[in-house]
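Summary of structural features
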Amino acid sequence: MKWSEKAERPVSLARFEDELSAHSYLEKILWPEGPVCPRCGSHGRIGKLDGASTRIGAHKCYVCRRIFSVTHGTIFSSSHVPLHKWLQAIYLTDGGTKPMRPHHLQRVINVSFKTASGMLRRLAEAASAADEDAPSHGPMANPSNRREHPNRDCP
Ligand SMILES: [Zn+2]
């Protein structure tokens, strides 16, 4: 699914100025009915971990004891780039559908040229996969949601 179809377009980049706001934004989109455990699919018995040493956005499932965050299974989870920079890049490229030069992105979100090129490539790949294939393959795809609502995006 394309970013623009799934979410109300954010007003500005300021919305993603840090990891905390980026996580809450993504949680609202991917978990509209609250967190879902990616391992067992459990809904209700999930707690948010708020300790000083825990990672931002960490949740714990009290059914299977898995610790996870909203980025689990998305293109963001295997990346060293902070989530808020990903969301800024998605915003700037309209979900990977709008062309942007790597050195422009590099300047705006303050990453290396190599990182910026890699991000643009992955966003473009995710966007074209979303076009030709199942909508759930877009940059915001989340397997835990697919498990809960396998046909949600189909007519
Ligand atoms: Zn679980």
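Residues numbered from 1 in each chain as written. Predicted model: local features only at pLDDT ≥ 70, side-chain atom pairs only at ≥ 80, totals over all residues.

**Remarks on the overall build of the protein**
Of the regular secondary structure elements, the protein holds six helices and three strands. Seen in sequence order, the protein has helices and strands lined up from the N terminus as α-α-β-β-β-α-α-α-α. The buried share of the protein, reckoned over its 155 residues, is 32%. Counted over contacts in the protein with a minimum sequence separation of 6, partners at least 24 positions apart contribute 59%. (Helix = DSSP H or I, 4+ residues; strand = E, 2+ residues; numbered from the N terminus. Buried ≥ 20, exposed ≤ 12 C-beta atoms within 10 Å, placed from the backbone. Contact = placed C-beta atoms within 7 Å.)

**Topic: the packing of helix H2 (residues 19-30) against helix H3 (residues 83-93)**
Across the interface, H2 lies against H3 with an axial gap of 8 Å and an inter-helix angle of 60°. In terms of crossing hand, the pair formed by H2 and H3 is left-handed. Between H2 and H3, the residues in contact are Glu 19, Ala 22, His 23, Tyr 25 and Leu 26 and Leu 83, His 84 and Leu 87, respectively. Residue classes in the contact of H2 with H3 are distributed as five nonpolar, two polar and one charged. (Axes fitted to C-alpha atoms, helices over the stretch in contact; angles between N-to-C directions. Left-handed = near helix turned anticlockwise from the far one by under 90°. Nonpolar A, V, L, I, M, F, W, Y, C, P; charged D, E, K, R; others polar.)

**Structural notes on the confidence of the model for the protein**
When pLDDT is averaged along the protein, the result is 83, and 77% of the positions lie at 70 or above. Of the regions scoring below 50 in pLDDT, residues 143-152 engages in 13 contacts with residues more than four places distant in sequence or in other chains. (pLDDT = per-residue confidence, 0-100.)

**Focus on the packing of helix H4 (residues 102-109) against helix H5 (residues 113-132)**
Interaxial distance between H4 and H5 falls to 8 Å at its minimum, and their mutual angle equals 110°. On the basis of the axis angle, H4 is roughly perpendicular to H5. Viewed along their axes, H4 and H5 form a crossing whose handedness is right-handed. Contacts from Pro 102, His 103, Leu 105 and Gln 106 of H4 reach H5 at Phe 113, Ala 116, Ser 117, Met 119 and Leu 120. (Parallel < 35°, antiparallel > 145°, perpendicular 65-115°, else oblique.)

**A short note on H2**
Across its 12 residues, H2 extends 16 Å between first and last C-alpha, which sits within 8% of the 16 Å expected from 1.5 Å per residue. Ala 22, His 23, Leu 26 and Leu 30 are the residues of H2 that are buried. With its buried residues spanning 95° around the axis, H2 presents them on a single face. Of the exposed residues in H2, those oriented more than 90 degrees away from the buried face are Leu 20 and Lys 28. (Expected span 1.5 Å × (residues − 1). Arc of directions from axis to C-beta.)

**Here we look at H3**
Of all 11 residues in H3, nine are buried; the element is thus mostly enclosed. Within the sequence span of H3, burial applies to Leu 83, His 84, Lys 85, Trp 86, Leu 87, Gln 88, Ala 89, Ile 90 and Thr 93.

**Some thoughts on unusual backbone geometry**
One non-glycine residue, Arg 65, lies in positive phi territory at about 70°. By the element assignment, Arg 65 lies in the loop between strand S2 (59-61) and strand S3 (67-68). Residue Arg 65 is classed as exposed on the basis of its C-beta count, with 10 C-beta atoms lying within 10 Å. For Asn 110, which is not glycine, the phi dihedral falls at a positive 65°. Judged by C-beta crowding, with 11 C-beta atoms within 10 Å, Asn 110 ranks as exposed.

**Some thoughts on the nonpolar core**
The nonpolar side chains of a soluble globular protein tend to be buried with one another. Counting 22 residues, the largest nonpolar core has Leu 83, Trp 86, Leu 87, Ala 89, Leu 105, Met 119 and Leu 123 as its most contacted members. At the level of secondary structure, the elements contributing two or more residues to this core comprise H2, H3, H4 and H5. What Leu 87 contacts, discounting residues up to four positions off in sequence, is Phe 16, Ala 22 and Tyr 25. (Core = buried A, V, L, I, M, F, W, Y, C linked by C-beta atoms within 7 Å.)

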